[in-house]
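# Observations on the model geometry
Each chain, letter by letter, is given below.
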Amino acid sequence: MSAREPVDLTGASETMLLTLHARAEHTLSARPRFTDWAAVDLVGRIDYDFTSAGRDRLMSDGVVLRTLTLDPLVAGYLATHRGATVVNVACGLDTRFNRLDDGAATWYELDLPPVIELRRRLLGEGPRHPLIAASATDPAWPRQVRPESAAGDVLVIVEGLTMYLTATETAQMMSVIARGLPGATVLVEVMSPLFARYGRERSVVGTGSRFSYGCSGAAELCRTVAPGYTALHDIPFTNTIVRYHPWLGPVVRVTPANRIASRMLVVRALRVGLGLFEGV
Ligand SMILES: C[S@@+](CC[C@H](N)C(=O)[O-])C[C@H]1O[C@@H](n2cnc3c(N)ncnc32)[C@H](O)[C@@H]1O
């Protein structure tokens with residue numbers, strides 16, 4: 001048997017091993033709602049102690065929920081925009097490309113250099129599946145998206161990142177996307193302000209990471225950190241719970257569940273620069 005790949009990641013970058021484990025674990029569960037066999041394979045090839053990820057239901061259930069929320073949105077975008085460009089910001093070892101690739105999209109995976117280095121070793125890259133090693137807040141990264149792609153239909157996915165950024169960094173990232181990829185549709189996951197402030201996921205705490213940015217919805221995002229974006233849609237993860245368990249609908253409605261839940265926001269950057277991002 002070949003040696004496992006060593007990993008030397010800390011903080012927010014280490015958390016991508018937790019989310020990877022959550023998708024692998026769900027795939028191997030008795031009644032999976034989605035399968036991610038690439039994640040199962042990766043967990044078997046990485047030299048890392050996944051014990052704390054396996055014990056953290058709050059974290060792993062959250063990852064399953066966001067996958068069930070995000071996968072249909074991305075699949076719907078690809079089905080209506082053949083040959084689109086996808087930029088998966090803070091990709092970690094996410095393998096949504098393997099699940100949803102339609103054979104025509106160009107799908108960029110972006111993360112910090114140490115994560116991209118590991119990803120390159122484990123998964124490689126391809127002509128329609130390039131890697132970008134950069135911070136999401138670096139204004140130079142959109143130049144790595146091929147001009148013919150950047151001018152077409154662009155979908156940006158930001159999953160599992162904003163909660164580790166400050167509001168200022170979130171604003172910087174949104175500004176970088178709007179300036180570099182005008183007209184892009186952005187799917188951005190946010191934690192509720194309440195959970196970002198008081199919530200704890202034990203496996204995440206174990207990496208030394210802390211939640212920081214929280215946001216109550218798409219309207220607030222556009223008003224505060226994403227000026228010039230249009231709010232298109234706003235999906236609390238509780239909607240996904242109710243989709244699979246309709247009998248929980250009344251419980252969700254009469255409890256503060258929606259206020260505590262994370263959300264997937266869909267926003268669109270202006271197609272032309274109007275000076276709205278000056279000073280952000
Ligand atoms: C919770 S993981 C999410 C990974 C992946 N999206 C998933 O759902 O499995 C957080 C990721 O954010 C990345 N990250 C943290 N700060 C970043 C930044 N400034 N720019 C780009 N990626 C960043 C980390 O390296 C890590 O891969």
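Scroll up for the structure.
An account of the accompanying structure is given in this report.

About the thresholds
Residues numbered from 1 in each chain as written. Predicted model: local features only at pLDDT ≥ 70, side-chain atom pairs only at ≥ 80, totals over all residues. Heavy atoms only, no water. Patch = residues over 30% accessible without salt bridge, like charges linked within 9 Å, V, L, I, M, F, W, Y side chains within 5 Å. Areas by Shrake-Rupley, 256 points an atom, 1.4 Å probe, with all protein chains shown as cover. Salt bridge = Lys/Arg side-chain N within 4 Å of Asp/Glu carboxyl O. Helix = DSSP H or I, 4+ residues; strand = E, 2+ residues; numbered from the N terminus. Buried < 20%, exposed > 50% of the residue type's maximum accessible area, 1.4 Å probe, protein only. Polar contact = N/O pair within 3.5 Å; in protein donor to acceptor, adjacent residues only side chain to side chain. Contact = heavy atoms within 4.5 Å. Pairing = 2+ DSSP bridges. Right-handed = clockwise from strand over helix to strand, strands pointing away. Phe/Tyr/Trp six-rings, centres within 6.5 Å; stacked < 30°, edge-to-face > 60°.

On to a nonpolar patch on the surface. A surface patch of nonpolar side chains, amounting to about 300 Å² of accessible area, comprises Leu194, Tyr198 and Ile260. Tracing the sequence through the fold places Tyr198 in helix 9 (residues 193-198). For Tyr198, a relative accessible area of 56% gives the class exposed.

Looking now at unusual backbone geometry. At Ala90, a position not held by glycine, the phi torsion is positive, near 65°. Relative to the assigned elements, Ala90 resides in the loop between strand 3 (85-89) and helix 5 (96-100).

Glancing now at the side chain of Ser192. Its place among the elements puts Ser192 in the loop between strand 7 (185-190) and helix 9. Only 3.1 Å separates the side chain of Ser192 from the backbone oxygen of Ile260, close enough to count as a polar contact. Not counting chain neighbours up to four residues away, the residues in contact with Ser192 comprise Gly214, Cys215, Arg259, Ile260, Ala261 and Ser262.

Where burial is concerned, most of strand 4 (residues 106-111) is hidden: six out of the six residues are buried. Taking every second residue as pointing to the same face, both faces of strand 4 are buried, with Thr106, Tyr108 and Leu110 on one and Trp107, Glu109 and Asp111 on the other. Pairing of strand 3 with strand 4 involves five bridges; the strand directions are parallel. Its bridge partner lying in strand 4, Asn88 is registered against Glu109. Here strand 4 runs beside strand 5 (residues 131-133); their pairing, made up of three bridges, is parallel. Bridge pairing in strand 5 places Leu110 opposite Ile132. Taken together, strand 4, helix 6 (residues 113-123) and strand 5 constitute a β-α-β crossover, and its handedness is right-handed.

Turning to the packing of aromatic side chains, a few remarks are in order. Taken as a whole, this structure holds four aromatic pairs when the rule is applied. Ring geometry for Phe97 versus Trp107: centroids 5.7 Å apart, planes at 75°, classification edge-to-face. Of the two residues, Phe97 sits in helix 5 while Trp107 sits in strand 4, which places them ten residues apart along the sequence. Here a set of aromatic residues connected by ring pairs shows up, and it is made of Tyr164, Phe195 and Phe211.

This brings us to the pattern of salt bridges. Evaluated as defined, the whole model comprises 18 salt bridges. Among the ionic pairs, Asp234 bridges to Arg263, the shortest N-O distance being 2.7 Å. Taken together, the residues Asp234 in strand 8 (residues 229-236) and Arg263 in strand 9 (residues 263-269) connect sequence positions 29 residues apart. Asp234 sits in the partly exposed class, given a relative accessible area of 25%. Residue classification places Arg263 among the buried residues on the basis of a relative accessible area of 15%. The network of salt bridges with common partners includes Arg23, Asp36, Arg66, Asp71, Asp94, Arg96, Arg99, Glu159 and Glu189.

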